[in-house]
Amino acid sequence: DIAVSARSVSKTYGETEALRDMTIEFPRGQLTSLLGPSGCGKTTLLKIIAGLLEPNSGTIEVNGKPVTGPGEDRAFVFQDFALLPWASVMRNVAFGLELRGVAKSEREAIAAKYIADVGLKGFEKSFPHELSGGMRQRVGLARALSVNADVLLMDEPFSAVDEQTRRKFQEDLLSLVQNENKTFIFVTHSIEEAVYVSDQIALLLPRPSRVSEIIRPSGLRM
Ligand code: ADP
Ligand code: ADP
C-alpha cells in the first residue's frame, strides 16, 4: 500500500539542477528516510511532496490523488521548527488547526492533548524564547501531530538539539511510527540516524540527483 509516490520528478533552480527524473514510493504506515549528502536535493523533494514547491516536470500523488499544493493530508516539520516567536506554546501548537478553520475552543482542547503528549504540560503559556532547543522541537512536533495529517514530512527535525536529546527524540519517533498509522518521510544526512529510525532508507546521490538505492534494514523493528 503506497501512501506517497513521486514519478519522474525534475526540479531546477535557475542553472542548478536539484532533482532529475526522481522516482520513489513511500509505503503507508512506514518511515522512509531520504539520506544523502548536503545539496543532493532532499529538502527539494520534501518541499515538492509538501506542495510548497512546484516541480518542472513529473507528478506527486498522495493517497492516489495528484498534489497541486499544500493539503490537509500532509504536515511539515521544519528544521528550524518555524515557531511564531510572539505566540505562546498553545497558540503555536493550535496554529495549524487555526489555519484549517477549527474553532478556538476545539483547537485549544486538541492542542492541549498534543502539548501533554510531547511532555510540555505546564508550558502552554510559555513563549519559544523561554524554551530550550529540545522543547521548541517538541512544540513543532506537537503542531504537526495535532492536525492529524496522514503524512508527516520532517526535514532534519533533530539537527538543532544535543546528542542525548536527539537519541531520545529518535526513540520517541520510533514509538510514534509504531503506534500511529501515519507515513513518515524523514530527511537526514546522518547514516546513523537513518539506520536507527527507518523502515526503509532511500539513498540519494548528487550530480545528477537520483535515488541510487532503497535499503530496508532488517531486524530494526520488532
Ligand atoms: P539537500 O536538502 O539535500 O541539502 P537541497 O534540496 O536543499 O538539498 O538543494 C539541492 C540543490 O539545489 C543544491 O545544489 C542547492 O544549492 C540548490 N538549491 C536549493 N534551494 C535553492 C534555491 N532556493 N535557489 C537556488 N538553488 C537552490
Ligand atoms: P530538552 O531535552 O527538551 O532540550 P533540556 O535538556 O534543555 O531539555 O532541559 C531538561 C528539562 O529541563 C526539560 O525537559 C524541561 O523540563 C526543563 N527545562 C529546560 N529549559 C527550561 C526552561 N527554559 N524553563 C523551564 N524548564 C526548562
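To be clear, the structure that these remarks concern was listed above.
Just so you know, these numbers come straight off a predicted model, no measurement behind them.

The rules behind each value
- Residues numbered from 1 in each chain as written.
- Chains lettered and ligands numbered in written order.
- Predicted model: local features only at pLDDT ≥ 70, side-chain atom pairs only at ≥ 80, totals over all residues.
- Heavy atoms only, no water.
- Pairing = 2+ DSSP bridges.
- Helix = DSSP H or I, 4+ residues; strand = E, 2+ residues; numbered from the N terminus.
- Contact = heavy atoms within 4.5 Å.
- Axes fitted to C-alpha atoms, helices over the stretch in contact; angles between N-to-C directions.
- Near = heavy atom within 4 Å.
- Polar contact = N/O pair within 3.5 Å; in protein donor to acceptor, adjacent residues only side chain to side chain.
- Areas by Shrake-Rupley, 256 points an atom, 1.4 Å probe, with all protein chains shown as cover.
- Phe/Tyr/Trp six-rings, centres within 6.5 Å; stacked < 30°, edge-to-face > 60°.
- Lys NZ or Arg CZ within 6 Å of the ring centre and 35° of its normal.
- Nonpolar A, V, L, I, M, F, W, Y, C, P; charged D, E, K, R; others polar.
- Buried < 20%, exposed > 50% of the residue type's maximum accessible area, 1.4 Å probe, protein only.
- Right-handed = clockwise from strand over helix to strand, strands pointing away.
- Lys, Arg positive; Asp, Glu negative; His and termini not counted.
- Salt bridge = Lys/Arg side-chain N within 4 Å of Asp/Glu carboxyl O.

Undergrad: Lay out the sheet that holds strand β1 (residues 2–13) in plain terms, naming residues and giving numbers.
TA: Ordered by their spatial adjacency, four strands build an open sheet running β2-β1-β4-β5, and the pairing between neighbours is antiparallel. Two strands bound the open sheet, and with one partner strand each, they are β2 (16–27) and β5 (65–66). In this structure, β1 lies alongside β2, joined through eight bridges in antiparallel fashion. Bridged to Ser-5 within β2 is Glu-25. Sitting on the sheet, helix α1 (residues 42–50) touches β1, β2 and β4 (57–62), and the angle it makes with β2 is about 60°.

Undergrad: Before we move on, could you go through the site of ligand 1 and cite the residues and values that matter?
TA: Neighbouring residues of ligand 1: Tyr-13, Thr-16, Ala-18, Pro-37, Ser-38, Gly-39, Cys-40, Gly-41, Lys-42, Thr-43 and Thr-44. Interatomic distance of 2.7 Å between a backbone N/O atom of Gly-39 and an oxygen atom of ligand 1. One nitrogen or oxygen atom from the side chain of Thr-44 is found 2.5 Å from an oxygen atom belonging to ligand 1. Starting from 560 Å² of accessible surface for ligand 1 in isolation, the protein chains cover 58%. Looking at the shell around ligand 1, the elements with two or more residues in it are β2 and α1. When residues in the shell around ligand 1 are grouped by element, the largest group, three residues, is from α1.

Undergrad: Please give an account of the environment of Gly-134 that cites residues and values.
TA: If you trace the backbone, Gly-134 turns up in helix α4 (residues 133–146). Taking the C-alpha atoms as reference points, Gly-134 and Ala-112, 22 residues apart in sequence, are found 18 Å from one another. With residues near it in sequence (within four places) discarded, Gly-134 still touches Val-161, Thr-165 and Phe-169.

Undergrad: Explain the packing of aromatic side chains residue by residue, including any values.
TA: Centre-to-centre distance and the angle between the planes together describe a pair of aromatic rings. Under the criterion given, the structure shown has two aromatic pairs. Aromatic ring contacts, followed pair by pair, group Phe-158, Phe-169 and Phe-186 into a single cluster. The lysine or arginine in question, Lys-11, covers the ring of Tyr-13, its NZ or CZ lying 5.5 Å from the ring centre. Directly above the ring of Tyr-114 sits Lys-113, whose terminal nitrogen or CZ lies 4.4 Å from the centroid.

Undergrad: Residues and numbers for unusual backbone geometry, please.
TA: Of note, Asn-148 is a non-glycine position whose phi angle comes to about 55°, a positive value. With respect to the secondary-structure elements, Asn-148 resides in the loop between α4 and β7 (151–155).

Undergrad: Which residues make up the site of ligand 2, and what are the values?
TA: Near ligand 2 you find Phe-123, Glu-130, Ser-132, Gly-134, Met-135, Arg-138 and Thr-165, and these make up its full shell. Arg-138 is positioned such that a nitrogen or oxygen atom in its side chain is 2.4 Å from an oxygen atom of ligand 2. Here ligand 2 loses 45% of its free accessible area of 530 Å² to cover by the protein chains. Considered class by class, the residues forming the shell around ligand 2 number two nonpolar, three polar and two charged.

Undergrad: Outline the pairing of strand β8 (residues 183–188), supporting the account with residue identities and numerical values.
TA: Across the six residues of β8, six count as buried, placing the element largely inside the fold. The alternating pattern of β8 places Thr-183, Ile-185 and Val-187 and Phe-184, Phe-186 and Thr-188 on opposite faces, both of which are buried. Bridge analysis of strand β3 (residues 31–35) against β8 gives five bridges, and the strand direction is parallel. From the neighbouring strand, Leu-34 faces β8, where its bridge partner is Val-187. Pairing of β7 with β8, which is carried by five bridges, proceeds in the parallel orientation. Its bridge partner lying in β8, Met-154 is registered against Phe-186. Handedness of the crossover joining β7 and β8 through helix α5 (residues 163–179): right-handed.

Undergrad: Help me get a handle on the side chain of Glu-193, residues and values and all.
TA: Mapping Glu-193 onto the fold places it in helix α6 (residues 191–197). Although Glu-193 is buried, it makes no salt bridge; Arg-166 carries the closest opposite charge, 4.6 Å away. Excluding residues that lie within four positions of it along the chain, Glu-193 makes contacts with Phe-158, Arg-166, Gln-170, Phe-186 and Thr-188.

Undergrad: A description of the pattern of salt bridges should follow, citing residues and the corresponding values.
TA: For the structure on display, the rule yields eleven salt bridges. With a shortest N-O distance of 2.9 Å, Asp-117 and Lys-113 are connected by a salt bridge. Of this pair, Asp-117 and Lys-113 both sit in helix α3 (residues 104–117), four residues apart, roughly one helical turn. Given the relative accessible area of 45%, Lys-113 is considered partly exposed. Among the salt bridges present, the one from Arg-167 reaches Glu-192, with a minimum N-O distance of 2.9 Å. Placement of the pair is Arg-167 in helix α5 and Glu-192 in helix α6, with a sequence separation of 25 residues. The class of Arg-167 is partly exposed, set by a relative accessible area of 26%. When its relative accessible area of 48% is taken as the criterion, Glu-192 is described as partly exposed.

Such coordinate-based values are descriptive only and should not be taken to indicate function.
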